[in-house]
Amino acid sequence: MDKTAKRESSVALWSVFLDRNPEELRRLTAFLDEVEARRAANFHFELDRNRWIVARATLRILLGKATQSSPDKILISTTTEGKPYLVNPMASISFNLSHSRDHALIALADGAPVGVDIECYDRGNELETCIPEFCHPEECKHLSECVSADERNLLLIRMWCAKESYLKAIGAGFAISPLELLIKWRPDGNAVISRNGVPDTAFLIHFPKALLINDFCIAVSLSPDVACPSVKKLDI
């Protein structure tokens, strides 16, 4: 097996439908640890709580399969910046989770950093108020040049997903201001991030399509030598 094929096989992406019946929800809730159970209990709205439980439990199921462990025995911790990671001896497996409305996106990578984001396309109008705090001045210029509201919303969602996935991949969260980041689009449809004018060549941002969830934009940040796989639908 050549190096490219080997690297491609180390990354997997799954889309997950989050709205489940009460019986499935009870089964999945049992996989959460005490910290996750407390966090779930703090949600104000039942729908948000249930979707979060399904997303988190599904992540545990996938990590359990990858490490040949029981989902409820998986030990997950977080860095000081809030990036989740597996506690040793399973630290070589990195993962990332994002959810938007009734769908989640989960990535697992063996020996490679990964960051993902999923957003519903119709959030473009909601994100308009975030532009001054989120978009680089050059990106604001590109948005102002869009010929229609739909084109502007599409570009804004792609910018949002790109930066979110990148910040999650490097483990910084919003400790780094999105205003420092400038998205550079490539002819192949992918993107790279420049931070304070310096391109970060450690990551390439992909925008894979996913069957059955065409209403969502997906961004995946990976090392340039790691091929981005197709998104698979996961049934649990």
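Everything that follows concerns the structure shown earlier in this document.
Read on for a plain summary of the structure. (Residues numbered from 1 in each chain as written. Predicted model: local features only at pLDDT ≥ 70, side-chain atom pairs only at ≥ 80, totals over all residues. Heavy atoms only, no water.)

### Concerning the pattern of salt bridges
Throughout the structure, instances matching the rule amount to 15 salt bridges. A salt bridge links Glu36 to Arg56, with the shortest nitrogen-to-oxygen separation between them at 2.4 Å. In this pair, Glu36 is assigned in helix H3 (residues 34-41) and Arg56 in helix H4 (residues 46-67), connecting sequence segments 20 residues apart. Judged by its relative accessible area of 4%, Glu36 falls in the buried class. Take Arg56: its relative accessible area is 16%, and that puts it in the buried class. Residue Glu126 pairs with Arg123 through a salt bridge whose shortest N-O separation is 3.2 Å. A single salt-bridge network, built from bridges that share partners, covers Arg101, Glu119, Asp122, Arg123 and Glu126. (Salt bridge = Lys/Arg side-chain N within 4 Å of Asp/Glu carboxyl O. Helix = DSSP H or I, 4+ residues; strand = E, 2+ residues; numbered from the N terminus. Buried < 20%, exposed > 50% of the residue type's maximum accessible area, 1.4 Å probe, protein only.)

### Topic: the environment of Val116
With respect to the secondary-structure elements, Val116 resides in strand S6 (residues 114-120). Relative accessible area serves as the criterion here: at 0%, Val116 is assigned to the buried category. Separated by 27 residues in sequence, Val116 and Leu143 place their C-alpha atoms 23 Å apart. The residues contacting Val116, other than those within four sequence positions of it, are Leu13, Asn96, Leu97, Ser98, Leu105, Ala107, Ser165, Lys168, Ala219 and Val220. (Contact = heavy atoms within 4.5 Å.)

### A closer look at the sheet that holds strand S12 (residues 231-234)
Judged by pairing direction, the sheet is mixed, and its four strands sit side by side in the order S4-S5-S1-S12 without closing on themselves. Either end of the sheet is taken by a strand with one partner, and the two such strands are strand S4 (93-100) and S12. Pairwise comparison of adjacent strand axes, ignoring direction, gives a mean angle of 25° for this sheet. Where S4 meets strand S5 (residues 103-110), eight bridges bridge the pair, whose relative direction is antiparallel. Each bridged residue has a counterpart across the sheet, and for His99 the counterpart in S5 is Ala104. Contacts from H4 reach strand S1 (11-17), S4, S5 and S12, with the element oriented near 160° to S4. (Pairing = 2+ DSSP bridges. Axes fitted to C-alpha atoms, helices over the stretch in contact; angles between N-to-C directions.)

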